[in-house]
Amino acid sequence: MAYEMEEIRLGQEIFYYLLKHHELSEEDHEALYRAYAQQERIQNLVKSQGEMAECDIERYGNVIYLIPKEDNTFLGFSKAGLKQSLCKSTGTDRDYYLSQFVILTLLVEFYDGHGATSKTRDYMRAGELLNCISERLKEGCGRVGQEDEEKAGIAFSDMAEAYEALKSDEKGTRAKTTKEGFLYHILHFLQKQGLVEYVEADEMIKTTKKLDNFMDWNLLNQNQFQRIKRVLEGRDE
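Residues numbered from 1 in each chain as written. Predicted model: local features only at pLDDT ≥ 70, side-chain atom pairs only at ≥ 80, totals over all residues. Heavy atoms only, no water.

Chemist: Account for the sheet that holds strand β2 (residues 55-60), with residues named and values stated.
Modeler: Reading across the sheet, the three strands line up as β1-β3-β2 and stay open at both edges, with antiparallel pairing between neighbours. In this open sheet, the two edge strands, each paired with only one partner strand, are β1 (23-25) and β2. Going across the sheet, the axis of each strand differs from the next one's by a mean of 15°, ignoring polarity. Bridging between β1 and strand β3 (residues 63-68) involves three bridges; their strand directions are antiparallel. Residue leucine 24 lies in a different strand from β3, and its bridge partner there is isoleucine 64. Against the sheet, helix α1 (residues 5-21) contacts β1, β2 and β3, and its axis sits at roughly 115° relative to β1. Those strands touched by helix α2 (residues 30-38) are β1, β2 and β3, and its axis lies near 95° from that of β2. (Pairing = 2+ DSSP bridges. Helix = DSSP H or I, 4+ residues; strand = E, 2+ residues; numbered from the N terminus. Axes fitted to C-alpha atoms, helices over the stretch in contact; angles between N-to-C directions. Contact = heavy atoms within 4.5 Å.)

Next up, the structure:
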């Protein structure tokens, strides 16, 4: 069925808005939001453009999100780009995987519920998160031996070594060579993506509505839950 020119124009306007802002809420632009939410033909046009750009277009609650697919390094991030942003200049793969483990640990600490929402706390402090990272690495090393690590693809021992190689400095350093600085840059990266709020004065970490929606509607749906559980138990890559 052929589309009208006005439908095409509107679909392109919505997709461009998503490219520019990464999300479209009813509060920010009611007309565009309602056009997408209430007109299936417009929605199909936008999703089709998203598919061509290697993105998923998803509506969670009253917000429409543009989510680059895993291999989309144009609108998303490459491994090299993430390593440069999150790790020290001489960072290796084990530093990179440690940074991803830090993010996963943060998610687990905030989202571990099974009710109407998976979120179980409103905030945590950076020092508490550092303690959690240390504890989970020790648990992983104790639970998964070297032979099991090779089979599972999770090198807890390598990540633990990378973590312990970082200095400890409680003087507010931002150097990526310290545990505090390493975490600082990860939190600021997540803040730039609109996923967390980091209040430096209080060293307080809060999650945003964007991350809450993504966790409840996408990452922690039943299809993904078992994989996340296997990762935390050291049984998946």
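Now that the structure has been shown, the text picks up again.
Chemist: Pulling in residues and values, what's your account of helix α3 (residues 40-52)?
Modeler: Taking 1.5 Å of rise per residue, the 13 residues of α3 would be expected to cover 18 Å, and the 18 Å separating its terminal C-alpha atoms lies within 8% of that figure. Every buried residue of α3 is listed here: Ile42, Leu45, Val46 and Gly50. Along α3, the residues classed as buried sweep out an arc of 135° about the axis, all on the same side. Those residues of α3 that are exposed and aimed more than 90 degrees away from the buried face are Glu40, Glu51 and Met52. (Expected span 1.5 Å × (residues − 1). Buried < 20%, exposed > 50% of the residue type's maximum accessible area, 1.4 Å probe, protein only. Arc of directions from axis to C-beta.)

Chemist: Now, about the side chain of asparagine 72: what can you tell me, with residues and values included?
Modeler: Structurally, the position occupied by asparagine 72 is in the loop between β3 and α4 (79-86). Of note is the side chain of asparagine 72, whose polar atom sits 3.0 Å from the backbone oxygen of glutamate 54. Ignoring anything within four residues of it in the chain, the contact list for asparagine 72 reads Ala53, Glu54, Cys55 and Phe77. (Polar contact = N/O pair within 3.5 Å; in protein donor to acceptor, adjacent residues only side chain to side chain.)

Chemist: Describe in detail the pairing of β3, supporting the description with residues and values.
Modeler: Most of β3 sits out of view: five of its six residues are buried. One ladder, built from six bridges, connects β2 with β3; its direction is antiparallel. What sits directly across from glutamate 58, in β3, is tyrosine 65. As consecutive antiparallel partners, β2 and β3 are separated by two residues, and within that stretch glycine 61 has a phi angle of approximately 65°, a positive value.

Chemist: If you had to explain the sheet that holds strand β6 (residues 204-207) to someone new, which residues and values would you point to?
Modeler: Taken in spatial order, the three strands of this open sheet run β4-β6-β5, and their pairing is antiparallel. Lying at the two open borders of the sheet, with one neighbouring strand each, are β4 (124-125) and β5 (196-199). For β5 and β6, the ladder comprises four bridges, and the chain directions are antiparallel. By the bridge assignment for β6, glutamate 197 is matched with lysine 206.

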